[in-house]
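# Residue-level structural notes
Each chain is listed here by its residues.
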Amino acid sequence: PVLTRLDSVIDFYWGSESPTPATGYNDYSVAWEGEIESPVSETVTFRTTTDDGVRLFVDGQLIIDQWTDQPVASHAGSIALNAWQRVPIRMEFYEHRVYASAKLEWFSNSIPATVVPQAFLYPNPGTTFPVEFLSFDGRAEGSEVWLDWQTASEIQSDYFEVERAPESMDFEPIGRVAAKGTSQAVVSYQFIDPAPYVGKNYYRLRQVDLDGNYTTTQSVEVIFDQERWQVFPNPVRSSETLNLLVH
């Protein structure tokens, strides 16, 4: 390839311009490949909108095959995916003449139609990044969930944002841990979630660099089955009723 780079999403309209100085305005091809993770276990439909040709492979299956000259057009293909399990994805695109564009969207019964977000896209294993992770684990400890991770090296790392999701829901940030910055030694980190959901909790880290770029780790599952009890009013006087609230 004349150029290799990391794109956050596939949503480009180049028109009659070149996508990069490394290519011309016409007669070039692009391949995006990595891994994708669905937040739900169900059949997910992918939709490509391109000018010109496109092929889309998900989990090794060719679900869209429109490798032909065409004005801007949309095509769809569906595949069953399991929640929080990464599978390979590859989108191939070529431009022949005049205008060029490429977009990848998805939708399902639970996922609204949208451009596939960066939060669910991952580079291929082995891709080099500013932070090298050694481990990322989670466990229930009493009424809390403890998350521990280690890095082998860091370059210009700013912070780690801890994200959590209950089963079949989107991730939301719940805390932030400052990073070491630049280090060639093993560094250990910990974050404590004081209020996990009862049942399955999914956690992941968004590692953010000083320049704003970020990568997202694979999620870990922690099952928390301890009910949290709250007594009110507190303190209780002899004339009052004691109430017990279960979360």
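Just so you know, these numbers come straight off a predicted model, no measurement behind them.

## Digging into the environment of Phe57
Following the sequence through the fold, Phe57 ends up in strand β4 (residues 54–58). Residue classification places Phe57 among the partly exposed residues on the basis of a relative accessible area of 26%. Counting along the chain gives 34 residues from Phe57 to Met91, while the straight-line C-alpha distance between them is 6.3 Å. Sequence-distant contacts of Phe57, defined by excluding residues within four places in its chain, comprise Leu62, Pro88, Ile89, Arg90 and Glu92.

## Focus on the side chain of Ser101
Looking at the element boundaries, Ser101 is found in strand β8 (residues 100–107). Setting aside its immediate chain neighbours within four residues, Ser101 contacts Phe12, Tyr13, Trp14, Thr49, Thr50, Asp51, Val72 and Phe93.

## Side note on the packing of aromatic side chains
Across all of its chains, the model carries 17 aromatic pairs by this definition. Summarising the aromatic geometry, the rings of Trp106 and Phe120 are spaced 5.5 Å apart at their centres and angled 55° between planes, so their arrangement reads as tilted. In this pair, Trp106 sits in strand β8 while Phe120 sits in the loop between β9 (114–115) and β10 (121–122), placing the two residues 14 residues apart along the sequence. Take Trp106: its relative accessible area is 1%, and that puts it in the buried class. Given the relative accessible area of 7%, Phe120 is considered buried. Judged by centre distance (5.9 Å) and plane angle (70°), the ring pair of Phe133 and Phe160 falls under edge-to-face.

Parameters at a glance
Residues numbered from 1 in each chain as written. Predicted model: local features only at pLDDT ≥ 70, side-chain atom pairs only at ≥ 80, totals over all residues. Heavy atoms only, no water. Helix = DSSP H or I, 4+ residues; strand = E, 2+ residues; numbered from the N terminus. Buried < 20%, exposed > 50% of the residue type's maximum accessible area, 1.4 Å probe, protein only. Contact = heavy atoms within 4.5 Å. Phe/Tyr/Trp six-rings, centres within 6.5 Å; stacked < 30°, edge-to-face > 60°.

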